[in-house]
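Structural overview
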Amino acid sequence: MPFLTPGYRRLFLVFTFILLGCVGAFAQKSREQLEREKSENQSKIREIQNILKQTSSQKNVNLGQLKALNQQINTYKKQIDLLTDDLALLDKELRVLEKKRMALDSSLNKLKKEYGRMIYEASKRNTYFNQLVFLFSSGTFNQFVLRYKYLKQYTDAREDQVKEIEVLQNQIAAERQRITSKKSQQKTVLDTRVTENTKLEGLKTKQNEVIQELSQKEVELRKQIAENKRATDLLEANIRRIAERERRERLERERKEREEREARRKAERERLARENAEREKKGEAKVVEAPKEEEEPVISSGMSEEETTLASSFTASQSRLPWPVNGFVSGHFGQRPHAVLKGVMVDNLGVDIQTTAGSPVRSVYDGVVLDVTEMPGMGNVVAIQHGNYMTIYAKMNGVTVRAGQKVKARENIGRVATDSDGTSELQFQIWKNTSRLNPENWLMHR
């Protein structure tokens with residue numbers, strides 16, 4: 001019967017809304033991810049802004065200020081890219097909402113037309129008298145019951161259609177409100193992007209000014225490069241000295257363990273020889289057999305079992321190590337062009353991490369402090385052993401650990417030092433035996 005169709009239509013509409021809701025859910029997942037990235041990048045902007053304020057407080061421009069400016073420009077560029085992605089996502093969300101609203105409008109128009117036809121048909125026979133005539137003109141009691149059910153279902157169908165129309169009208173109003181909200185959000189994001197672009201242009205202007213001023217200090221910069229080279233060479237020599245010392249100690253420990261095992265075997269053989277001699281004196285024919293010699297344990301690079309386990313777990317932590325200090329990488333690993341002087345290359349044994357004055361420095365992994373020393377141009381230097389790995393923390397002050405002390409991951413070991421230019425920068429290195437590694441491959445992505 002035609003008056004049963006609204007129920008089926010309602011099921012169809014519910015199914016349609018579920019599908020549209022699924023589309024919205026997928027968009028929401030992208031929205032959550034985008035908002036998280038924007039929030040994280042905004043935190044970086046604030047962090048670098050604090051570092052930039054510190055370096056900019058000095059009367060003269062310096063490399064630390066330029067590095068902070070470069071990093072701030074990169075974070076603003078990323079933020080603008082994220083805002084552009086946000087606008088694209090908002091466009092997509094608006095299209096989905098518009099399609100949903102149009103589908104609801106179409107369904108509402110169909111319902112209104114059907115309801116209008118139903119009202120028109122009902123007007124021809126919708127008097128109490130006509131209904132009674134329709135009922136009591138039945139030929140049989142069964143026909144009477146069927147006609148009564150028909151009238152009731154027809155009335156219920158009209159009431160259902162009224163409810164459906166009200167539901168659809170409310171849903172359309174809600175979708176219109178969402179669309180208005182999205183458009184307002186879109187305008188806010190667009191305005192924010194314009195503001196961020198203005199800030200970016202200001203940073204680029206400041207960057208060019210700093211570069212030009214630093215370029216006029218070529219003699220001073222070359223002198224600074226030479227001093228840094230001497231300090232770096234001295235640090236590298238010290239690290240290799242520590243590594244060589246550890247290698248000799250492991251070999252010496254391995255030699256002593258081997259000698260001790262051999263002494264135990266010799267003592268056991270002598271004991272058995274004496275026992276057999278006594279048996280022979282007593283006329284006992286049975287000879288005690290010497291036990292089989294135990295196999296020598298396999299030792300990896302002279303490390304103890306504890307050191308081998310620690311080295312293995314450290315290896316498995318690649319790209320998951322916590323940062324030793326908050327901040328950003330201001331000097332990358334290996335040979336790189338100088339930030340200002342053209343044709344000049346600088347070599348970094350690890351990475352420089354620029355931060356705010358007095359920031360705490362933390363061990364990146366469980367280990368044992370091998371060495372704590374003060375070096376020209378590098379401040380306090382702490383070396384921590386992790387099996388056959390070493391992490392180096394230089395340009396520190398206020399060191400709180402001592403050689404031989406065991407430390408845990410994320411444990412404070414001191415504070416970052418601040419140089420005469422107002423730059424607070426930690427030099428962080430990772431070594432495996434005597435080979436240096438790129439710390440950026442080991443630290444967590446930020």
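Above: the structure in question.
Note that this is a predicted model, so its numbers are computed, not measured.

Positive phi outside glycine occurs at Ser319, with the angle close to 70°. By the secondary structure assignment, Ser319 is in the loop between helix 6 (305-315) and strand 1 (328-331). Residue class for Ser319 comes out partly exposed when judged on its relative accessible area of 42%. The residue Lys395 is not glycine, and still its phi comes out positive at about 65°. Note on placement: Lys395 falls in strand 8 (residues 389-397).

Let's shift gears to the nonpolar core. With 28 residues, the main nonpolar core has Leu321, Val382, Tyr393, Ile413, Leu426 and Phe428 as its most contacted residues. Of all elements in the fold, only helix 6, strand 4 (351-355), strand 7 (379-386), strand 8, strand 10 (412-416) and strand 11 (424-432) reach the threshold of two or more residues within this core. If you look at the next biggest cluster of nonpolar residues, it comprises 22 residues, including Ala68, Ile80, Leu214 and Val340.

Under the counting rule described, the total for this entry stands at 24 salt bridges. Across the salt bridge formed by Arg31 and Glu35, the nearest N and O atoms sit 2.9 Å from each other. Here the residue Arg31 and the residue Glu35 both occupy positions in helix 1 (residues 5-56), the gap between them amounting to four residues, near one helical turn. Looking at Arg31, the relative accessible area reads 6%, which means it is buried.

Pairing analysis gives two bridges linking strand 6 (residues 367-375) to strand 9 (residues 406-407), with the strands arranged antiparallel. Across the sheet, residue Val368 finds its bridge partner in strand 9, namely Lys406. Pairing analysis gives seven bridges linking strand 6 to strand 7, with the strands arranged antiparallel. By the bridge assignment, Glu374 is partnered in strand 7 with Asn380. In textbook terms, the turn of a hairpin is the stretch between consecutive antiparallel strands, and for strand 6 and strand 7 this stretch comprises three residues, one of which, Gly377, has a positive phi near 80°.

Conventions adopted
- Residues numbered from 1 in each chain as written.
- Predicted model: local features only at pLDDT ≥ 70, side-chain atom pairs only at ≥ 80, totals over all residues.
- Heavy atoms only, no water.
- Helix = DSSP H or I, 4+ residues; strand = E, 2+ residues; numbered from the N terminus.
- Buried < 20%, exposed > 50% of the residue type's maximum accessible area, 1.4 Å probe, protein only.
- Core = buried A, V, L, I, M, F, W, Y, C linked by side-chain atoms within 4.5 Å.
- Salt bridge = Lys/Arg side-chain N within 4 Å of Asp/Glu carboxyl O.
- Pairing = 2+ DSSP bridges.

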